[in-house]
Amino acid sequence: MLKLRNIRKVHRTSDIETHALDGVDLDIEAGEYLAITGPSGCGKSTLLGILGLLDSPSEGEYWFEGQNVAGWNESRLNQLRRGRIGFIFQSFNLIDELTVAENVALALEYGDVPARERKQRVDEAMAKLGVSHRASHRPSQLSGGQQQRVAIARALVSRPSLLLADEPTGNLDSAHGDEVMRLLRDINAEGTTLIMVTHSPTHAAQASRTLRLLDGRVLVDAVAV
Amino acid sequence: MLIKDLRIGWRQLWQDPAYSAVVILGLAIGVAVAFILACIVESELTAEHDIPNTERLMQMEIRYRGESSTPRWQASIPMPFKAEADKASTYFSDVSIFYVRNYSLRVGNKVQSYRTAFVDPALANMLSMRALKGDLTEALARPDNIAVSAATAESLFGKTEPVGQSVIIKGQPYRVAAVLPNRADNSTYRFEVLASSTSSAWDNREFATRHWGHHSGRIFLRLRPGADLAAGTALLQKLFDEAPRGDAVPEQFRLNGHVAEVRLIATPDIKLKGAYSNGNQALYLGLSGLAVLILVLAAINYVNLSTVRTLKRQREIGIRKTLGASPARIVVQFLTESMLVALLATGLGLLLAWLVWPLLQEWLGIRAGNSFDLVMVPPALAVGLLTGVLAGLYPAWVACKIPVAQALAGRDRQESGAGLWLRRGLTVLQFSAALGLSSFAIVILLQARYATHINPGFDSSNLLIVDPPSHLKNAEIEQFRSALSHLPGVKSAGRSLDMPGRGDTSNGTEITLSDGRQVAIRNEPIDPYMLRTYGIQPIAGRLLDASRDTLANTGYTVINRSAVTALGYTSPQAAIGQTFKDGDETKQIIGVIDDLRYQSPRERSDPMLFGISEQWMITITLRTEGDPAKVKAAAEALWRSTYPDEKPRIDWYSTHLDHVYRQDTQLARILAGAAGIATLIAGFGLYALAAYSVRRRAREIVIRKLYGAGRGAILALLGREFGGLVVVGALLGLPLAWLAGERYLSQFIDHASIGVMPLLAALLAAGSVAMLATLRHTLTALAMPPSHALQS
């Protein structure tokens, strides 16, 4: 599904050049559950950004579902991303001014889903994540766990084949964190490819494969047995 | 505590110079504009501030039934009435005429024209005038003495001591006996030279002081302390009705039983309610409102920017609250900072106003003597402080509401929905005001332009107007006209009472038609060259024409189209050959012409007679060709060689017409300037709001991009936000502007077909400003990479 070859990402400022990724090779099959771990600054989020078509590599090839997207401009990446990738963030990234239902619907606003189908999908996603009764609430009126459920509902509503999660439990207590991890496992079990960045060894251990990065390189690529 | 707060406020400003410059400069511009507008109004209303007890200093005004459709008050009074008014001394302690004309004064080879007032000695007492040098009593007691203003003295004699110097007026020497303080240009009692009513320089005195039909000067009276104004006015009315004017005034020419209605207007009310005040009250109210509006618009920007800054200071506020600062203490701190900004802005605004004022005076053609009086500074500072307090209330309230724990945890609180809507509402108010003002200013500008370019009924290009010296006799004027007509570049030269449309002088007469009806009608004395010089064609009959008529043909008359109706003829053709009696003389109508633009577009055309007269053809019009500058120079050279003691009074028709519409043009320019500033302020407000909105919505924009929103979608998102404000502003402001425009135009009988163009132009201008104001932040939003979502 995803194939990375010798991916490099260099951040340049006026006098400093930082190699965020330094020759990463990676193959991810459909349906995998991959956890990316490593210390702060090792390139986890940079790799996630490239995998999610949010950023382009400085060098190398990135094959996304059979197309080499390295060097594509933002507009083309935008089009490719629509409906194919879902995102979950540590800080939820919900929009305070929108209701729960509107936040979930936002992921369908720019895709090809007909307007009449959107509501049905949003209702389904909210029901699946157990937040239907909060549909008209604002994010600030929800607990952290509920907010992350809404964020997951938004990530799933477009039925993406790839789900990217960046420290999804980072802002949650352990009970809510465990609940979110369970939800993610279920989603992966239904066939969605899941790539998760995490600091937690416990949560990483739940993945079928773990990638450990250090200084922009893949240090360990371990498949659970 | 206050000093400490001020110090903190100063540090805040110093730490963020860009913010400080923007906030202070924005408010300063508002203060400067508001101050200038206030100064204009103040200078108009306090032009006589140096005269004590002005509420008892009265201007006499009269109105006749006359030839005009609606009786109009006039301050031009028959000068013989002065002797009658003296009989009302029970009520009035002083009475003086005020007969003003431009007179030329010569010193050596230098000839200058000055506004010369012939007055009675009582005026010195009425205005509490004190001479700076010399003796005013002596100046007004002798017919060969004059007094001059300080500015006149300087322009005539430079640094030489003026008292005792001699000047030449119409060939005769006069002694300068006193130097008086300058009066403001907008003073009712403005003069540059003051002379006694017995002065031999007053060439027209014999006629002016004997003829009741000649309205040429004003009469001022001082009411005795405690005297009953109504009773005094009634006595003047009686004296006017019973004055020994010779011919009895027929009943049909009386107004409410009076020869003319009499009223007295106190000096402070002359500009507001007196004759010729012509909507001044509304104008001054409008300008005052405009000053307040501009200040409010500028203050709104301060509220917006200051609120954003307050939200940035949440951690500081949280720490202060943790350390025990009460809500009241937080409010005091923010209000103090706000007052500091307002004081700095007011100081800078006053400086800006002081710097810009001379240029504005030039542009607006205003000469307001009392502006920038230091007296205006304390009220300006007080208003500035008040603005600071009021504008600081909302940011202080926002500061009070910031939750401590959240602020200390670094989780900045966003402004509440209500707060955001309030600030959006304020920005909408700014745009609606800017749109309304712009649209209204365009209406006035178009109408002023229309009025000065309106078809006057003749070809007005290349017409040079010559106003010969006032002391010339009829034959001398004719001689001068003839000499002018032979100048190279002069096609023809004609004489008339006045230039059409200037409105300096008019003449009315009562005629008796063949069926016995008596009609009051405007009568314009012309010579046989006048109508041809103006290029006028008859619509029936023929014109008075030099090839057929001589100056002796006083029995022939041309009438205008309005007169055809007013005199009861069925058509212009039917009027030809008809006769009527004007006094003892029988006159015959030989031609009819279309209505000429003698009145302003505010008024209907009066019915008019044009006939050759033995006198009063005191304006010469030249139809010129070739290089206009050369023709004018040749006419001026002829003038100087013929009348070396007189300054040439020669100007183009269009120049005179511009002068007539000066007030409309001034108003349009003031409004256009204020509208420009208001639009700028509104644009600036939108810029601040855009900066805040984009920062506030950064996460939303990034998330939308994450889920596939392209540039178009983001543009649409921001367009709805910013464009919506302009649209709502337009919905509020434009209908009001349209109503105001319609009301303004309804004052004019003849007005431009303006339609919705001003509304669209204002909308286009505001839309462009809005686009420019939001461009930077829109581009920032478009450039936000979706990967920012991973960095939150």
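Reading the values: rules and limits
- Residues numbered from 1 in each chain as written.
- Chains lettered and ligands numbered in written order.
- Predicted model: local features only at pLDDT ≥ 70, side-chain atom pairs only at ≥ 80, totals over all residues.
- Heavy atoms only, no water.
- Helix = DSSP H or I, 4+ residues; strand = E, 2+ residues; numbered from the N terminus.
- Rg over C-alpha atoms; globule rule 2.2 N^0.38 Å.
- Buried < 20%, exposed > 50% of the residue type's maximum accessible area, 1.4 Å probe, protein only.
- Areas by Shrake-Rupley, 256 points an atom, 1.4 Å probe, with all protein chains shown as cover.
- Lys, Arg positive; Asp, Glu negative; His and termini not counted.
- Charge placed at Lys NZ, Arg CZ, Asp CG, Glu CD.
- Core = buried A, V, L, I, M, F, W, Y, C linked by side-chain atoms within 4.5 Å.
- Contact = heavy atoms within 4.5 Å.
- Buried area = accessible area lost by both parts, 1.4 Å probe.
- Salt bridge = Lys/Arg side-chain N within 4 Å of Asp/Glu carboxyl O.
- Polar contact = N/O pair within 3.5 Å; in protein donor to acceptor, adjacent residues only side chain to side chain.
- Nonpolar A, V, L, I, M, F, W, Y, C, P; charged D, E, K, R; others polar.

Engineer: Just give me the short version of the overall build of chain A, but keep the residues and values in it.
Structural biologist: Helices and strands together make up the secondary structure of chain A, namely seven helices and 10 strands. Taken over C-alpha atoms, the radius of gyration comes to 17 Å for chain A, in line with the 17 Å a tight globule of 225 residues would show. Buried residues in chain A amount to 51% of all 225 residues. When the accessible surface of chain A is split by element, carbon and sulfur atoms take 47% of a total near 9,800 Å². Treating the 25 positive side-chain charges of chain A as one cloud and the 29 negative ones as another, the clouds have centres 4 Å apart.

Engineer: Describe the nonpolar core, naming the residues involved and giving the relevant values.
Structural biologist: Residue and element names in this part refer to chain B. Of all hydrophobic cores here, the largest spans 98 residues; its most connected members are Leu-287, Leu-671 and Leu-686. Among the elements that take part in this core, helix H10 (residues 280-312) stands out by supplying 16 residues, more than any other. Setting aside its immediate chain neighbours within four residues, Leu-686 contacts Thr-427, Phe-431, Phe-722, Leu-725, Ala-770, Ala-773 and Thr-774.

Engineer: A description of the interface of chain A and chain B should follow, citing residues and the corresponding values.
Structural biologist: With 24 residues of chain A at the interface, the matching set in chain B holds 17 residues. Interface area, chain A with chain B, both sides summed: about 2,100 Å², of which 55% is carbon and sulfur. Taken together, chain A and chain B are joined by one salt bridge. For Glu-109 of chain A, the salt bridge identified is with Arg-704 of chain B, shortest N-O distance 2.7 Å. Across the contact surface, chain A and chain B share seven residue pairs in polar contact (both at pLDDT 80 or more). For the side of chain A that touches chain B, the elements supplying multiple residues, two or more each, are helix H1 (44-51), helix H2 (74-81), strand E6 (85-89) and helix H5 (144-157) of chain A. Among the residues making up the side of chain A that touches chain B, the classes are represented as 12 nonpolar, five polar and seven charged.

Engineer: I'd like a description of the environment of Val-331 of chain B, backed by residues and values.
Structural biologist: Residue and element names in this part refer to chain B. With respect to the element layout, Val-331 can be found in helix H12 (residues 327-364). Spatially, the C-alpha atoms of Val-331 and Val-398 are 9.4 Å apart, while their sequence positions differ by 67 residues. Contacts of Val-331, omitting those with residues within four sequence positions, involve Ala-396 and Cys-400.

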